[in-house]
Amino acid sequence: MPAPERIPTGRLSAMAPAVEPAAPLPGPAAAQEPPTAPETAAGLPDAVLADGELTVRGRIQEASNAVLYCTVAHDGHTAACVYKPVAGERPLWDFPDGTLAQREVAAYEVSRACGWDLIPPTVLREGPYGTGMVQEWIDPPENSDEVPELLALVEDEEPGPGWKAVGLAQIGEGRTALLVHADHPRLRRLAVLDAVINNGDRKGGHLLPGAGGQFFAIDHGVTFNAEDKLRTLLWGWAGEPLTDEALEALRGLERELAGATPLAARLAELITDDEIDALRARVAALLSSGRHPEPSGEWPAIPWPPV
């Protein structure tokens, strides 16, 4: 499959964290010196993130909001994590101020309720710069051959085997190419999850490679709006029937959202009642149609920039 230009994927292809010393925020004046390498925390228990001692080591350079690289120590173990303090959030016109961290946690709770480990463990807690979201850090695999190729621009008019077409993209000098994503079962689950949580910013750089060819999804602050905000690069299945697995997960989620359930109570701590009602309505609509959603035409379908 000829590919004149691959989608730049940020941390999807990076082999080391892009970290700089923490910039000034309310709290400590400077980041601490890095310790010895922390343990790799695959499937880190929520309690470690919630109760461990959090130490800021540096700041992720490319992030639009304050994203701090940290270690968390608990019961003699040390693991790497990401800390996004509410104090470092930039205001958005269509979301209440100071709510992005809660939305990240809500996205993790919904992913877990679906039975999908698509989002790294995520908690809301106090930290050196105040309340914020803390999430397990996903280290890229040591072998670059394990990094899955998930997005590409190709010269062909139709996607090749194992790929799904998103649409044509301008690549400069009057040239266009076909934007495609992999026809990958884990990516398809993520497309369903994004429709459920109304993700307004599913970019290529929000997909992080893990060990064994797996990948994880991050950056879910722009989610759960009561209005349709779905913007994603994962339109390749638009209009197609949902898989049996997805339908089963959605039915389970519908039950867990009904009435005074633990999940509903947890979400009520993180997002508004109107947003929870809209979440229930999206799940019901997906089950009623039995299909992946299509762009509404009332909102830009693809985020910009796409990576």
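See the structure shown above.
Now for a description of the structure that goes with this document.

What counts, and where the lines are drawn
- Residues numbered from 1 in each chain as written.
- Predicted model: local features only at pLDDT ≥ 70, side-chain atom pairs only at ≥ 80, totals over all residues.
- Heavy atoms only, no water.
- Helix = DSSP H or I, 4+ residues; strand = E, 2+ residues; numbered from the N terminus.
- Buried < 20%, exposed > 50% of the residue type's maximum accessible area, 1.4 Å probe, protein only.
- Contact = heavy atoms within 4.5 Å.
- Areas by Shrake-Rupley, 256 points an atom, 1.4 Å probe, with all protein chains shown as cover.
- Pairing = 2+ DSSP bridges.
- Axes fitted to C-alpha atoms, helices over the stretch in contact; angles between N-to-C directions.
- Salt bridge = Lys/Arg side-chain N within 4 Å of Asp/Glu carboxyl O.

1. Description of the overall build of the chain
From N to C terminus, the chain includes 6 helices and 11 strands. Put simply, the chain has 307 residues, and 50% of those count as buried. Considering only contacts within the chain whose residues lie at least 6 apart along the sequence, 69% involve residues at least 24 apart. When the accessible surface of the chain is totalled, it reaches about 14,200 Å², and 51% of it is carbon and sulfur.

2. Some details on the sheet that holds strand E7 (residues 151-154)
An order of E7-E9-E8 is seen for the 3 strands of this open sheet, with the pairing classed as antiparallel. Looking at which strands have only one partner, the edges of the open sheet turn out to be E7 and strand E8 (163-172). Put simply, the sheet's adjacent strands are angled 30° from each other on average, direction ignored. Taken together, the 4 bridges between E7 and strand E9 (residues 175-182) define a ladder with antiparallel strand orientation. Paired with Ala152 across the two strands is Val180, which belongs to E9.

3. Details of the pattern of salt bridges
Counted by the stated rule, this structure contains 14 salt bridges. For the salt bridge of Lys84 with Glu104, the shortest nitrogen-to-oxygen distance reads 2.7 Å. With a gap of 20 residues between them, Lys84 in strand E4 (residues 77-85) and Glu104 in helix H2 (residues 100-113) connect regions that are remote in the sequence. The two residues Lys84 and Glu104 agree in class, both being buried. The partner of Arg112 in a salt bridge is Glu109, and the shortest N-O contact between them spans 3.0 Å. Remark: Glu109 and Arg112 occur in helix H2; sequence separation between them is 3 residues, near one turn of the helix. Of the residues examined, Arg112 reaches a relative accessible area of 43% and is grouped as partly exposed. Here the salt bridges share partners, and the residues they tie into one network are Glu109, Arg112, Arg266 and Glu269.

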